[in-house]
Amino acid sequence: MINSYLKFNVYNMELNNYRILLVDDEADVLEFLGYNLKKEGFQVETAFNGKEAISKAQKINPHLIIMDVMMPEMDGIEACAEIRTLDALENVIILFLTARGEDYSQIAGFDAGADDYVTKPVKPKVLVSRIKALLRRAKETPEEEEDLLVKLPDLVIDREKYLVVKEEQEIVLPKKEFELLLLLTSRPNKVFTRDEIFLNVWGADVVVGDRTIDVHVRKIREKIGLNSIKTVKGVGYKYEPAILE
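Residues numbered from 1 in each chain as written. Predicted model: local features only at pLDDT ≥ 70, side-chain atom pairs only at ≥ 80, totals over all residues. Heavy atoms only, no water.

Novice: Any chance you could break down helix H2 (residues 50-60) for me, citing the residues and the numbers?
Specialist: Listed in full, the buried residues belonging to H2 are Gly50, Ala53, Ile54 and Ala57. Buried residues in H2, looked at end-on, bunch into an arc of 100°, giving them a common side. On the buried face of H2, the contacting elements are strand E1 (19-23), strand E2 (43-47), strand E3 (64-67) and helix H3 (76-83). At the N-terminal end of H2, a side-chain oxygen is found 3.1 Å from the backbone nitrogen of lysine 51, two or three residues along, and the residue is asparagine 49. Once H2 finishes, asparagine 61 follows within two positions and takes phi at roughly 50°, a positive value. (Buried < 20%, exposed > 50% of the residue type's maximum accessible area, 1.4 Å probe, protein only. Helix = DSSP H or I, 4+ residues; strand = E, 2+ residues; numbered from the N terminus. Arc of directions from axis to C-beta. Contact = heavy atoms within 4.5 Å. Polar contact = N/O pair within 3.5 Å; in protein donor to acceptor, adjacent residues only side chain to side chain.)

Novice: Report on the packing of aromatic side chains, specifying residues and quantitative values.
Specialist: Under the counting rule described, the total for this entry stands at five aromatic pairs. Residues phenylalanine 96 and tyrosine 117 carry aromatic rings whose centres are separated by 6.0 Å and whose planes lie at 55° to one another, so their mutual orientation is tilted. In this pair, phenylalanine 96 sits in strand E4 (residues 93-98) while tyrosine 117 sits in strand E5 (residues 116-119), placing the two residues 21 residues apart along the sequence. Given a relative accessible area of 0%, phenylalanine 96 falls into the buried group. You can call tyrosine 117 buried: its relative accessible area is 3%. Connected via pairs of aromatic rings, a cluster forms that spans Phe96, Phe110, Tyr117, Phe198 and Trp202. The aromatic ring of phenylalanine 192 is capped on one face by lysine 190, whose charged end is 4.9 Å from the ring centroid. (Phe/Tyr/Trp six-rings, centres within 6.5 Å; stacked < 30°, edge-to-face > 60°. Lys NZ or Arg CZ within 6 Å of the ring centre and 35° of its normal.)

Novice: An account of the sheet that holds strand E12 (residues 236-239) is needed here, citing residue identities and associated values.
Specialist: In a beta sheet, neighbouring strands pair by backbone hydrogen bonds and run either parallel or antiparallel. Pairing within the open sheet is antiparallel, and its three strands lie in the order E10-E12-E11. Sheet topology places strand E10 (191-193) and strand E11 (229-232) at the edges, where each strand pairs with a single neighbour. On average, each strand axis in the sheet is tilted by 30° relative to the strand beside it, whichever way the strands run. As judged from the four bridges shared by E11 and E12, these two strands associate in the antiparallel manner. If you follow threonine 231 over to E12, its bridge partner there is tyrosine 237. (Pairing = 2+ DSSP bridges. Axes fitted to C-alpha atoms, helices over the stretch in contact; angles between N-to-C directions.)

Read these as layout, nothing more, since geometry by itself doesn't imply function.
Right under this line is the structure:
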């Protein structure tokens, strides 16, 4: 699976080693979430808007950021996109927790680089479960390392640097687009169903709009000009290697 090289034993986690940054413009939300996360053993810091979140994230280097979408000064989507440009925070996990449940808002969140998108209200136990799942998928296990370079006829994918190289040109994709491309190219000519793609790229517990996969595939095609991603109507997508002369 796409995350087979990013696993660790969640049952052996020492949660007090994990720093979480909570970002919301409502003080009562920060207090409620902070209380429940600290009760689970997490280290918790808070911020009230996107600008403050970026500044604080650079100082504390959190393992995970839980962020609202609608906030003053800088909203969550803008803050997420900005964070994804910072090398020092390249491994931080970003989870949106918001009342905005529209498909277009979720797509915007994932396009900005979010790892998960949860709509309010959510029970604390469910949120903690999602957090643990995200940490489990993000923790690299050295003994299960795979080749970091995926070499294909028409491009090279660098797992470690999250880069796609085509004709000596480096192309940076948002995390979900990168993972989707990596999944499709992991088994050339295999048709991945929409359910398989959702499970491997977004996870079983994440609910996203029906058009999310289509939008991500379209953006991949636009950015790298890859005609090798084929649509199989009514089923899903596959990567069909280009035949180079």
